[in-house]
Amino acid sequence: MIVYACQDLMFATKIRSTAEALGIPSRPARDVAALEARLERVDDGRLNLPVTAVMIDLELGDAALDLIARAKALQAQLPVIAFGSHVAAALLQRAHDLGADFVMARSQFTATLPDLLRRFGAEADPREPS
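Residues numbered from 1 in each chain as written. Predicted model: local features only at pLDDT ≥ 70, side-chain atom pairs only at ≥ 80, totals over all residues. Heavy atoms only, no water.

Section: the pattern of salt bridges
And step 1. Enumeration according to the criterion identifies six salt bridges in this entry.
And step 2. As a salt-bridge pair, Arg-70 and Glu-36 come within 2.5 Å of each other at their nearest N and O atoms. In this pair, Arg-70 sits in helix H3 (residues 62-74) while Glu-36 sits in helix H2 (residues 32-39), placing the two residues 34 residues apart along the sequence.
And step 3. Judged by its relative accessible area of 21%, Glu-36 falls in the partly exposed class.
And step 4. Residues Arg-118 and Asp-115 are paired through a salt bridge, measuring 3.1 Å at the closest nitrogen-oxygen approach. One end of the pair, Arg-118, and the other, Asp-115, are both in helix H5 (residues 106-121), three residues apart, so they sit about a helical turn from each other.
And step 5. One connected set of salt bridges, linked through shared partners, spans Asp-8, Asp-57 and Arg-106. (Salt bridge = Lys/Arg side-chain N within 4 Å of Asp/Glu carboxyl O. Helix = DSSP H or I, 4+ residues; strand = E, 2+ residues; numbered from the N terminus. Buried < 20%, exposed > 50% of the residue type's maximum accessible area, 1.4 Å probe, protein only.)

Focus on the packing of aromatic side chains
And step 1. Under the defined criterion, the tally for this structure stands at four aromatic pairs.
And step 2. Seen in terms of ring centroids, Phe-11 and Phe-109 are 6.4 Å apart; in terms of plane orientation they differ by 35 degrees. Their pairing is tilted. Here Phe-11 is found in helix H1 (residues 9-22), whereas its partner Phe-109 is found in helix H5, with 98 residues between them in sequence. Of the two residues examined, Phe-11 and Phe-109, each falls in the buried class.
And step 3. Feature note: the residues Phe-11, Phe-83 and Phe-109 constitute an aromatic cluster, connected by ring pairs. (Phe/Tyr/Trp six-rings, centres within 6.5 Å; stacked < 30°, edge-to-face > 60°.)

Examining the nonpolar core
And step 1. Within the largest apolar cluster, 23 residues are counted, with the highest numbers of intra-cluster contacts made by Leu-35, Val-54 and Ile-68.
And step 2. Elements with a minimum of two residues in this core: strand E1 (2-5), H2, strand E3 (53-57), H3, strand E4 (80-84) and helix H4 (89-97).
And step 3. The dominant element in this core, judged by the number of residues it contributes, is H3, at five residues.
And step 4. For Leu-35, the residues in contact, after removing those within four places along its chain, are Val-3, Ala-29, Val-54, Leu-67, Arg-70 and Ala-71.
And step 5. Counting residues in each nonpolar core, the second largest holds 17 residues, with Ile-2, Tyr-4, Ala-19 and Phe-120 among its members. (Core = buried A, V, L, I, M, F, W, Y, C linked by side-chain atoms within 4.5 Å. Contact = heavy atoms within 4.5 Å.)

Observations concerning the packing of H2 against H3
And step 1. One way to put it is that H2 packs onto H3 with a least axis distance of 10 Å and a crossing angle of 25 degrees. Taken together, the axes of H2 and H3 lie roughly parallel to each other. In the packing of H2 onto H3, the handedness of the crossing is right-handed. Here Val-32, Leu-35, Glu-36 and Leu-39 of H2 come into contact with H3, specifically with Asp-66, Leu-67, Arg-70, Ala-71 and Leu-74. (Axes fitted to C-alpha atoms, helices over the stretch in contact; angles between N-to-C directions. Parallel < 35°, antiparallel > 145°, perpendicular 65-115°, else oblique. Left-handed = near helix turned anticlockwise from the far one by under 90°.)

So, the packing of H1 against H5
And step 1. With their axes 9 Å apart at the nearest point, H1 and H5 run at an angle of 25 degrees to one another. When the axes of H1 and H5 are compared, the pair comes out roughly parallel. Relative to H5, H1 is oriented so that their crossing is right-handed. Each of Phe-11, Lys-14, Ile-15, Thr-18, Ala-19 and Leu-22 in H1 lies in contact with H5, whose residues at this interface are Arg-106, Phe-109, Thr-110, Leu-113, Pro-114, Leu-117 and Arg-118.

Spelled out as structure tokens, the structure:
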């Protein structure tokens, strides 16, 4: 399952709808507590599949950086993909420094989203319901 955190509702919808079209389970995590629940597979009324990657919108500011740090602290091997404005070089660098495995401009993220979802969502067990 792909977990995503986005400031922009349009990007959240884009991730969710693209994942859905590809048959890849995805769930939002709006804060660190929600991320922890997803990673720990806490039951919130729906089956929480194993998380195979986390996508984080750097427009969340400090919250995005907290999400990156927490994801890596809980599961160091978990792929973290951070995306943000191409002019926010310092923020993109900070995401990289905190352990994000892939850091990219929003335009690159948008262009490669289906490929990223296929690559990192492929580990989800298709026998488990979403």
